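Summary of the model geometry
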2 protein chains.
Amino acid sequence: MNDHLVIMAGGVGSRFWPMSTSILPKQFADVLGCGKTLIQLTYDRFRGVVPKENVWVVTSAQYASLVRQQLPEVQRQNILLEPCRRNTAPCIAYVSWRIKSQDPKANIVVSPSDHVVLDVPEFQRVIKSGLKFVSETDSIVTLGMKPTRPETGYGYIQADLSCATARNKEIYRVDSFHEKPDAETAERFIQRSYYFWNAGIFLWNINTIVNAFRIYQPEISRIFEDLLPIYGTSQEQSLINERFPLCDNISVDYAILEKADEIYVFPADFGWSDLGTWGSLLLNTERDIHGNACIGNNIITAETTNCIIHATQERKVIVQGLDGYIVAEKDNSLLICRLGEEQRIRQLTEQ
Amino acid sequence: MNDHLVIMAGGVGSRFWPMSTSILPKQFADVLGCGKTLIQLTYDRFRGVVPKENVWVVTSAQYASLVRQQLPEVQRQNILLEPCRRNTAPCIAYVSWRIKSQDPKANIVVSPSDHVVLDVPEFQRVIKSGLKFVSETDSIVTLGMKPTRPETGYGYIQADLSCATARNKEIYRVDSFHEKPDAETAERFIQRSYYFWNAGIFLWNINTIVNAFRIYQPEISRIFEDLLPIYGTSQEQSLINERFPLCDNISVDYAILEKADEIYVFPADFGWSDLGTWGSLLLNTERDIHGNACIGNNIITAETTNCIIHATQERKVIVQGLDGYIVAEKDNSLLICRLGEEQRIRQLTEQ
């Protein structure tokens, strides 16, 4: 089996304060109150799709023990540690050369660690179909989510729906990528059937991605190419600690996807959310008849509607008379914020 | 010196949840965030008025160690422990006979432990003047607070302002007592100069109160009269534990004040609040320019007005976009409630 999964788990999720902090980012938290953390849910979602010895996690060095603890099935040597934050391109380059050193025929799916998928069987069908496609073609494939609202927080993919690929009738060529749009543009996008949200889930085979890096990011490529002899040896971490910081801070979208020609999109619909904000969590959580999502065991509400109340640490919480608020409590921190004003959370926590 | 102070400290303050709980009622909490608990502020307010060996505290047995800890200057034998709750009449009867056994010439001021007084010099002047008056007359004196709003949560005293007493030109005969009025009646009361709030602060000499109990509450009197030989001995607590529960559950207002003839009121104005609810705390705490009272060291507010935010346990609290709410956090409990809906707190905590 040459199918590999890369879970990117280095983010901080500061808009989810106080549930997500740099000590315990949201991928390591039981955000949904279901008894599993987001990274555990991510791992579980790929069971039966990718053999467990082919699961890779790239994270910050400071979260190594969290990953080992929460994903004990992932082999220690498959947990790659970034010495510093350099966005997704260096992260993907590192893991790509690392996998190449071990499996030169690898097909790879790259996934964030903190997203939610509601329809797992459909998700698995799409991933399997996509992995088969990239095993047969030198294509870079992104998953495109059918937009359900004029979201200004996501990037959009414009697909050429006029002609599906020969090998997979569900996969189309990408016309262009669009950065996070303003409200008016987002409204226009969702009127058209050929705009999709960029979910940040990518599929490719190892030669495609390595060659794309060589062409579009020669400096990053050289750093990880040079280390080919030492991957999997005791020298790996110390050399990565030395060289990784030299990489540009750049996203894979900007570094590769927006530059390469042969980019494809696989439109899919499996109840996806990036859980980027408290509001998106509200959309993805079961609500009571008053529209409240109460995550925690000891929450009482009265005259309260359309609120998300997150208090999972056995706290007793009483909320009376609120409409449309986030109430989140964790450790020694409490947040009360109007839904829709979540962009203020980062500012306020920095005070 | 025959002047004595009785501090009643057996209440629970359930409308102040979660700051006030049966484990730590509000009189033992630093409600104002000033570094002192309400009972400590009460004790301090009488410094220089009553000698410290004449300070008595009546409380529930379960709070004995809290009283000893917070008021180390009060003599151990002056802390009287009620084995169960029986409202204020049995409490006052017990401490009265107990004081009588030791000082048959005592003059007594009885005070709740959980009220706030802003103008302490004026308070002390009133108490000293009142104690002198009751040392010279067989009168029952209540303090009457000038009403500042049509409060429906207090009892009202109707004074006969036509004629002050001969011995003290500030003290008047009481015409009648009125239970907590409805809103319309309260509005009418505050239009008239002769209605006052009943602050629950009483002054009398020992013979007056003991005789009043003998006349109006003979059963309660008999219980404490019978124990005269054992007050101050090692038998006291066990006999109190046996007999005290036999008392009727009745307030001193209902048991004595509304029945006796010679009742007087001393109208006074020293910035008093019973701190019965979160709303009353808001009225008695310094507010920022947005009308917020933030009690705690790590509270950030944004687009927030007219709120009381109480989080004294070194919590980080961020509140955005609230107007007119109580936010209170303590131990493992959090309350968010619209100001004015505080009567719901008791109901909701009982769920």
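Procedures and definitions
Residues numbered from 1 in each chain as written. Chains lettered and ligands numbered in written order. Predicted model: local features only at pLDDT ≥ 70, side-chain atom pairs only at ≥ 80, totals over all residues. Heavy atoms only, no water. Helix = DSSP H or I, 4+ residues; strand = E, 2+ residues; numbered from the N terminus. Rg over C-alpha atoms; globule rule 2.2 N^0.38 Å. Buried < 20%, exposed > 50% of the residue type's maximum accessible area, 1.4 Å probe, protein only. Contact = heavy atoms within 4.5 Å. Salt bridge = Lys/Arg side-chain N within 4 Å of Asp/Glu carboxyl O. Polar contact = N/O pair within 3.5 Å; in protein donor to acceptor, adjacent residues only side chain to side chain. pLDDT = per-residue confidence, 0-100. Pairing = 2+ DSSP bridges. Axes fitted to C-alpha atoms, helices over the stretch in contact; angles between N-to-C directions. Arc of directions from axis to C-beta. Least-squares fit on C-alpha atoms with pLDDT ≥ 70 in both. Phe/Tyr/Trp six-rings, centres within 6.5 Å; stacked < 30°, edge-to-face > 60°. Left-handed = near helix turned anticlockwise from the far one by under 90°. Nonpolar A, V, L, I, M, F, W, Y, C, P; charged D, E, K, R; others polar.

Let's talk about the overall build of chain A
Each helix and strand counted, chain A has eleven helices and 17 strands in total. On C-alpha atoms alone, chain A measures out to a radius of gyration of 21 Å, which is about the 20 Å that the 2.2 N^0.38 rule sets for 351 residues. Considering only C-alpha atoms, chain A reaches an extent of 60 × 50 × 40 Å along its principal axes. Out of the 351 residues belonging to chain A, those deemed buried represent 57%. Pairs at least 24 apart in sequence give 67% of the contacts found in chain A among residues at least 6 apart.

A short note on the pattern of salt bridges
According to the stated counting rule, one finds 30 salt bridges over all chains in the structure shown. Ionic pairing is found between D114 of chain A and K26 of chain A, a salt bridge with its closest N-O pair at 2.9 Å. Of this pair, D114 of chain A sits in the loop between β4 (107–112) and β5 (116–117) while K26 of chain A sits in the loop between β1 (3–8) and α1 (38–45), and the two are 88 residues apart along the sequence. Of the charged contacts, one joins R98 of chain B and E236 of chain B as a salt bridge, the two residues approaching to 3.1 Å between their closest N and O atoms.

Digging into the environment of S176 of chain B
All names here are of chain B. Looking at the element boundaries, S176 is found in strand β8 (residues 172–178). For S176, a relative accessible area of 23% corresponds to the partly exposed category. With 20 residues separating them in the primary sequence, S176 and Y156 have C-alpha atoms 8.7 Å apart. For S176, the contacting residues outside a window of four places in its chain are Y156, I157 and Q158. A distance of 3.0 Å separates the side chain of S176 from the side chain of H178, its partner in a polar contact.

Side note on the confidence of the model for chain A
With 100% of its residues at a pLDDT of 70 or more, chain A has an overall mean of 94. Scoring the predicted complex yields pTM 0.79 and, for the interface, ipTM 0.77.

Comments concerning the sheet that holds strand β15 (residues 316–320) of chain A
Pairing is mixed in the open sheet, where six strands are placed in the order β13(A)-β15(A)-β17(B)-β16(B)-β14(B)-β12(B). The open sheet terminates on both sides in strands that have one partner only, identified here as β13 (299–302) of chain A together with β12 (293–295) of chain B. Going across the sheet, the axis of each strand differs from the next one's by a mean of 5 degrees, ignoring polarity. Across three bridges, strand β14 (residues 308–310) of chain B lies against strand β16 (residues 325–330) of chain B in parallel orientation. Bridge pairing links I309 of chain B to V327 of chain B in β16 of chain B. Where helix α11 (residues 343–350) of chain B meets the sheet, its contacts fall on β13 and β15 of chain A together with β16 and β17 (333–338) of chain B, and the angle it forms with β15 of chain A comes to roughly 140 degrees.

Observations regarding helix α8 (residues 236–243) of chain A
Two residues of an α-helix separated by three or four positions point the same way, owing to the 3.6 residues in each turn. All names here are of chain A. Residues of α8 that are buried: E236, L239 and I240. What you see down the axis of α8 is that its buried residues fit within an arc of 105 degrees, all on one side. Contacts made by the buried residues of α8 are with β3 (79–82), α3 (88–100) and α7 (218–226).

Details of the relation of the copies chain A and chain B
For the match of chain A to chain B, the screw axis carries a shift of 0.0 Å, the RMSD comes to 0.1 Å, and the turn is 179 degrees. The transformation just described matches what one would write down for a two-fold rotation axis. The fraction of interface residues of chain A whose copies in chain B are also interface residues reaches 100%, indicating that both copies meet through the same surface.

Observations regarding the packing of aromatic side chains
According to the stated counting rule, one finds 34 aromatic pairs over all chains in the structure shown. Centroid distance F46 of chain A to F123 of chain A: 5.1 Å. Interplanar angle 80 degrees. Geometry classified as edge-to-face. Here F46 of chain A is found in the loop between α1 and β2 (55–60), whereas its partner F123 of chain A is found in helix α4 (residues 120–136), with 77 residues between them in sequence. Accessibility expressed as a relative area gives 1% for F46 of chain A, which makes it buried. A centroid spacing of 4.9 Å and a plane angle of 75 degrees characterise the contact between Y154 of chain B and W197 of chain B, whose relative ring orientation is edge-to-face. Of the two residues, Y154 of chain B is situated in the loop between β6 (140–145) and β7 (156–164) and W197 of chain B in strand β9 (residues 195–205); the sequence distance between them amounts to 43 residues. Judged by relative accessible area, which is 3%, W197 of chain B ranks as buried.

Description of the packing of α3 of chain A against α7 of chain A
In helix packing, the relevant descriptors are the interaxial angle and the interaxial distance, both defined with respect to the helix axes. Residue and element names in this part refer to chain A. Orientation of α3 relative to α7, taken along the N-to-C sense of each, is 35 degrees, at an axis distance of 9 Å. For the element pair α3 and α7, the recorded crossing hand is right-handed. Across the interface between the two elements, A89, P90, A93, Y94 and W97 of α3 pack against I220, S221, F224 and E225 of α7. A breakdown of the residues in the contact of α3 with α7 according to their chemical character gives seven nonpolar, one polar and one charged.

Concerning the side chain of T208 of chain A
Residues and elements named next belong to chain A. Structurally, T208 is set in helix α6 (residues 206–216). According to the relative accessible area criterion, T208 is buried, its value standing at 8%. At 3.4 Å, the side chain of T208 forms a polar contact with the side chain of D138. Ignoring any residue separated from it by four or fewer positions in sequence, one finds T208 in contact with T137, D138, S139 and I140.

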